[in-house]
Amino acid sequence: LLRAVGVRKSYGHTEVLKGIDLDVHKGQVVCLLGPSGAGKSTFLRCLNHLETIDGGQVWVDGEPIGFRLRGGKLYELREKDVARQRRDIGMVFQRFNLFAHRTVLENVVEGPVRVLGVEPGKARAEALELLERVGLAERGDAYPAQLSGGQQQRVAIARSLAMKPKLMLFDEPTSALDPELVGEVLEVMRTLAQEGMTMVVVTHEMAFAAEAADEVVFLADGAVVETGPPGKVLKEPEHERTRQFLARVL
Ligand code: ATP
Ligand code: MG
């Protein structure tokens, strides 16, 4: 479903991503681990073209992200067309970025109605279902500021799902939360994974990676150091760099 090939990205003279490959099949969960500055967030942003890449390609469901394939050649897409591609790729950040002046329900309904043109009544019914799934059926009329961080992050997940993405990207979704609120968000993500959502998750939650990931990718200094099933990479890493990292976080 997702294929990244040789993704490169530089800021000025600094090469932050040095040719990253990643394959994610439909329904798979891949966790990206790595020290601060490894390029994890940059890579996620490259996957949905929030960053233009300097080399390589990203394909989602057979489409080159940011480009159109015609006669065997790739042509850069206009921003409007990139936005259309991006709808298929949900993204949840460390900070929840909900609309503060809108209720929880309005936050979830907004995208489908305005962007997808879903009829408001239908969008509302679907939004209520999503809020139920993330355990917030009762809080639709609340404003974001009235919710805990964990609840807000669950709304952010529901809002992303409302766009019916093919793929979900998570960038440290629990690292801004108080420890006691981490579990409820991971629980929603675990359920999502079990329901077959394709997910790429940057996280420092090793227990989540161990249990929910089909594949773990360890990044350092803008390159993939090693990759494999969690039982292998987390328990018997082959590289010294991975061992050092795990020794610090576990
Ligand atoms: P963390 O775990 O701290 O979130 P990360 O693995 O997500 O780290 P990135 O945020 O992708 O790392 O950053 C990778 C490198 O790119 C860092 O050295 C960072 O300083 C640099 N970088 C990121 N964004 C920019 C930018 N907009 N301009 C210049 N340098 C940047
Ligand atoms: Mg980051």
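Just so it is clear, the structure is predicted and the values come from calculations on it, not from any experiment.

Cut-offs and rules
- Residues numbered from 1 in each chain as written.
- Chains lettered and ligands numbered in written order.
- Predicted model: local features only at pLDDT ≥ 70, side-chain atom pairs only at ≥ 80, totals over all residues.
- Heavy atoms only, no water.
- 1 Å grid on protein atoms, 1.4 Å probe; cavity = no way out; pocket = protein on both sides within 12 Å on 5 of 7 lines; lining within 4 Å.
- Points joined across faces, edges and corners; volume = space filled by probe spheres on them.
- Nonpolar A, V, L, I, M, F, W, Y, C, P; charged D, E, K, R; others polar.
- Helix = DSSP H or I, 4+ residues; strand = E, 2+ residues; numbered from the N terminus.
- Pairing = 2+ DSSP bridges.
- Axes fitted to C-alpha atoms, helices over the stretch in contact; angles between N-to-C directions.
- Contact = heavy atoms within 4.5 Å.

## Things to note about empty space enclosed by the protein
Any empty space left between the atoms is revealed when a probe the size of a water molecule rolls over them. In total, this model carries one cavity of 30 Å³ or more according to the counting rule given. By volume, the largest cavity amounts to about 30 Å³. Taken together, the residues that form the lining of the largest cavity break down as two nonpolar, one polar and four charged.

## Points about the layout of surface pockets
Roughly 640 Å³ of internal volume is contained in the largest pocket. Along its surface, the largest pocket is lined by 23 residues, and I89, M91, R159, S160 and M163 are the ones closest to its centre. For the lining of the largest pocket, a count of residues per class yields 11 nonpolar, six polar and six charged. If you tally residues by element for the lining of the second largest pocket, the top one is helix α4 (residues 120–133), at six residues. Looking at the lining of the second largest pocket residue by residue, the class counts come to nine nonpolar, no polar and five charged.

## Remarks on the sheet that holds strand β10 (residues 198–202)
Spatially, β8-β9-β10-β3-β11-β12 is the arrangement adopted by the six strands of the open sheet, whose pairing is mixed. Unpaired on one side and paired on the other, β8 (89–92) and β12 (223–228) mark the two borders of the sheet. If you compare each strand with its neighbour and ignore which way they point, the axes differ by 20° on average. One ladder, built from five bridges, connects strand β9 (residues 167–171) with β10; its direction is parallel. Bridge assignment links F170 to a residue of β10, and that residue is V201. Its contacts with the sheet put helix α9 (residues 240–249) on β3 (29–33), β11 (215–220) and β12, and the angle it makes with β11 is roughly 100°.

None of this, on its own, says anything about what the molecule does.
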